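Structure at a glance
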Amino acid sequence: MKKESKIYKTYVEIMRRELVPAMGCTEPIAVAFCAAKAREVLGGLPEHVHIQASGNIIKNVKSVIVPHTNGLRGLEAAAAVGILFGDSCKQLEVISSVTAEQECSLAERMKDFDIKVSPLDSIHLLDLVITVTKGECSVSVHIEDEHTNITEIINNGKCVFFEREKACEDEAKPDHNLLCIADIFDFAETVEIADVEAVLQRQIDYNTAISREGLTNNYGARIGQLLMKQDDSIRTRAKAYAAAGSDARMSGCDMPVVINSGSGNQGMTASLPVIAYAEYHEKSREELLRALTLSNLVTLHLKSGIGRLSAYCGAVSAGAGAGAGIAYLLTHDLRAINHTLVNALAISSGIVCDGAKASCAAKIAMAVDAGIMGFEMFSEGCQFYGGDGLVSKGVENTIRNIYMLGHDGMKETDRKIIEIMTGC
C-alpha cells in the first residue's frame with residue numbers, strides 16, 4: 001500500500017485516535033470526565049449534582065469498581081471523584097492524579113453535595129448529561145457517542161459550547177468505512193513501522209503491565225490466575241494474559257491501559273494474546289508490531305458497524321481480532337485471516353454484554369479461545385460455510401451480518417438486560 005494513499009493515511013490516523021490510554025473502565029471514567037468539566041466551568045464545588053445517563057452507561061457503571069475511590073462503585077462515586085479531584089484536561093486519565101489521602105477522604109467528602117441519578121431516554125447508546133448547581137449558578141455538560149465527546153456546555157442558561165458544525169467535524173474524523181480486511185492486511189504488510197510504532201509500543205507496555213498485575217495479585221474472580229493453573233500451553237497463556245488484565249481493571253486497578261473502540265477490555269483482548277504468541281514463537285519486534293497493527297484494525301472494523309456500546313459483547317470482536325492477529329503472525333496469509341475471522345465469529349457471537357464487572361474477564365477468555373480455535377480450524381482444513389447461521393460467503397458479508405445483529409438485533413435484548421439489572 002502506498003504511503004500517499006488515502007487509505008494508508010486514514011488507517012494511521014484511526015490508530016492514533018483510537019489506541020489511547022485510559023485509567024479504569026471507560027464508562028465511569030466518562031462520568032468522571034464529564035463531572036470534572038462541569039465543576040471546572042462552574043468554578044467551584046457544587047451543592048447539587050444531577051446525572052442523566054443512557055441505559056448502557058448505567059449498565060456499565062453499576063458494578064465496576066472506580067479507581068481511586070477506595071473500592072466504591074456506581075455513577076455517584078464516578079461523578080464525585082471527578083468533581084472533587086479530577087482534571088478534565090487528562091481526558092480518559094481524568095482521575096490519574098488522585099492522591100492516597102484524597103482517595104481515603106472521598107466517601108466523607110461526597111456528603112458535601114447531593115447527587116441525583118436519572119435515566120436518559122435517548123437514541124444514543126452513549127449519552128450523558130451532568131448538571132452541577134451552586135446557589136443561583138448552574139452548569140450542564142453533555143457527552144454523546146464517544147466517551148470524551150462533549151457536544152454542549154450550558155452555563156447559567158447560556159450555551160457556551162455547541163457542536164454546531166457537526167458535518168464539518170465528522171469530515172475531520174477518519175472514515176472507518178474505509179476499513180476492510182483485505183486493505184487492513186495490505187496495510188499491516190507494508191506500513192512503515194515508524195508510523196505506528198509509538199501507539200503500539202505504548203499498548204504493549206501498558207497492557208502487559210496490568211496483565212502481570214492481574215496475574216500477581218488478587219483481583220475479581222482471578223480468571224487469569226485460574227487459567228494459568230490449568231496448564232502452561234500457549235493457548236492457555238494467551239487467554240490468561242488477557243483475562244488477568246481485565247481481572248485487575250474491573251476491580252479498580254489504577255494502572256492505565258491502551259483501549260480499542262473505546263474499551264480497555266477490548267484493547268487488552270486485541271493485543272495481549274498476540275503478544276503472548278509472538279513471545280512463544282520468538283517473533284521479531286517488527287513482526288509483533290505488524291501483527292498488532294492487523295489485530296487492532298480488524299477489531300476496530302468489527303466494532304465500527306456495531307457502535308461503542310451494545311448488548312453484543314465487545315470481547316467477541318476483539319477476540320476475533322486477536323485470532324486474526326495470531327493467524328497473521330504465524331502465516332502472513334490473507335486467506336488464513338479471513339477464515340479465522342469467519343470461524344471465530346460463528347463460534348462466539350452469542351455472548352451478551354450485561355455491564356462491566358468481574359465476569360468480563362471470563363468472557364474475554366472465551367472470546368480469545370474462539371479466535372484461536374478459528375485459526376486452528378483453518379490450519380486443519382476445517383471451516384464454517386455460508387448459510388451456517390450468521391455465516392455468509394465472504395468475510396465482509398459475514399461481518400455485515402454481525403453488524404446487523406449487534407447494532408439492530410440486540411436493541412430489545414439491551415433494553416431487557418438494563419431492565420433486569422436496574423429493576424425498572
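Computed from a predicted model, the values in this text were never measured in an experiment.

1. Regarding the environment of Tyr8
Note on placement: Tyr8 falls in helix α1 (residues 6-18). By relative accessible area, which is 3% here, Tyr8 ends up buried. Polar contacts involving the side chain of Tyr8 include one to the main-chain amide nitrogen of Glu192, which spans 3.0 Å.

2. Quick notes on the packing of helix α9 (residues 223-230) against helix α10 (residues 234-250)
Closest axis-to-axis distance for the α9/α10 pair is 7 Å, and the angle between their directions is 160 degrees. For the element pair α9 / α10, the angle class is roughly antiparallel. You can see that α9 and α10 cross each other, and the crossing is left-handed. Counted together, Ile223, Gly224, Leu227 and Met228 of α9 and Thr236, Arg237, Lys239, Ala240, Ala243, Ala244 and Asp247 of α10 form the full contact between these two elements.

3. Some details on the packing of aromatic side chains
Think of a pair of aromatic rings as described by two things: how far the centres are apart, and how the planes are tilted against each other in angle. What the rule picks out here adds up to 3 aromatic pairs. When the ring of Phe185 is compared with that of Tyr328, the centres are 6.0 Å apart and the planes differ by 75 degrees; the resulting orientation is edge-to-face. With Phe185 in helix α7 (residues 181-190) and Tyr328 in helix α13 (residues 314-331), this residue pair connects regions lying 143 residues apart in the sequence. Of the two residues examined, Phe185 and Tyr328, each falls in the buried class.

4. Considerations on the confidence of the model for the protein
Put simply, the protein has an average pLDDT of 94, and 98% of its residues get 70 or more. For residues 165-170, every residue scores under 50 in pLDDT, and the model assigns this stretch 1 contact once sequence neighbours within four places are set aside.

5. Things to note about unusual backbone geometry
Located in the positive-phi region is Asn156, a residue other than glycine, with phi close to 50 degrees. By the element assignment, Asn156 lies in the loop between β6 (150-155) and β7 (158-162). One non-glycine residue with positive phi stands out, namely Ser261, at about 60 degrees. As for its position among the elements, Ser261 is in the loop between β8 (257-258) and α11 (264-280). The class for Ser261 is buried, based on a relative accessible area of 4%.

6. A word on the pairing of β6
Bridge count for strand β5 (residues 137-144) against β6 is 5 bridges, and the pairing is antiparallel. Bridging from a neighbouring strand, Val141 pairs with Ile153 of β6. Hairpin connection, β5 to β6: the antiparallel pair is bridged by 5 residues, and Asp145 has positive phi, about 70 degrees. Here 4 bridges tie β6 to β7, and the two strands are oriented antiparallel to one another. Considered in β7, the bridge of Asn155 is made with Lys158. Connecting the antiparallel pair β6 and β7 is a turn made up of 2 residues, with Asn156 showing a positive phi of about 50 degrees.

7. Describing the sheet that holds β5
Ordered by their spatial adjacency, 6 strands build an open sheet running β3-β2-β4-β5-β6-β7, and the pairing between neighbours is mixed. Where the open sheet ends on each side, the last strands, each with one partner, are β3 (114-119) and β7. Within this sheet the neighbouring strands show an average axis-to-axis angle of 15 degrees, counted without direction.

8. Some thoughts on the pattern of salt bridges
According to the stated counting rule, one finds 17 salt bridges in the structure shown. Its salt-bridge partner being Asp195, residue Lys3 comes within 3.4 Å of it at the nearest N-O pair. Of the two residues, Lys3 is situated in the segment before α1 and Asp195 in the loop between α7 and α8 (197-216); the sequence distance between them amounts to 192 residues. Glu376 is the partner of Arg235 in a salt bridge, and the nearest nitrogen-oxygen pair spans 2.3 Å. Of this pair, Arg235 sits in helix α10 while Glu376 sits in helix α15 (residues 360-379); the two residues are 141 residues apart in sequence, bridging distant segments of the chain. Through salt bridges with shared partners, a single network forms among Arg235, Lys239, Asp369 and Glu376.

How each quantity is defined
- Residues numbered from 1 in each chain as written.
- Predicted model: local features only at pLDDT ≥ 70, side-chain atom pairs only at ≥ 80, totals over all residues.
- Heavy atoms only, no water.
- Helix = DSSP H or I, 4+ residues; strand = E, 2+ residues; numbered from the N terminus.
- Buried < 20%, exposed > 50% of the residue type's maximum accessible area, 1.4 Å probe, protein only.
- Polar contact = N/O pair within 3.5 Å; in protein donor to acceptor, adjacent residues only side chain to side chain.
- Axes fitted to C-alpha atoms, helices over the stretch in contact; angles between N-to-C directions.
- Parallel < 35°, antiparallel > 145°, perpendicular 65-115°, else oblique.
- Left-handed = near helix turned anticlockwise from the far one by under 90°.
- Contact = heavy atoms within 4.5 Å.
- Phe/Tyr/Trp six-rings, centres within 6.5 Å; stacked < 30°, edge-to-face > 60°.
- pLDDT = per-residue confidence, 0-100.
- Pairing = 2+ DSSP bridges.
- Salt bridge = Lys/Arg side-chain N within 4 Å of Asp/Glu carboxyl O.

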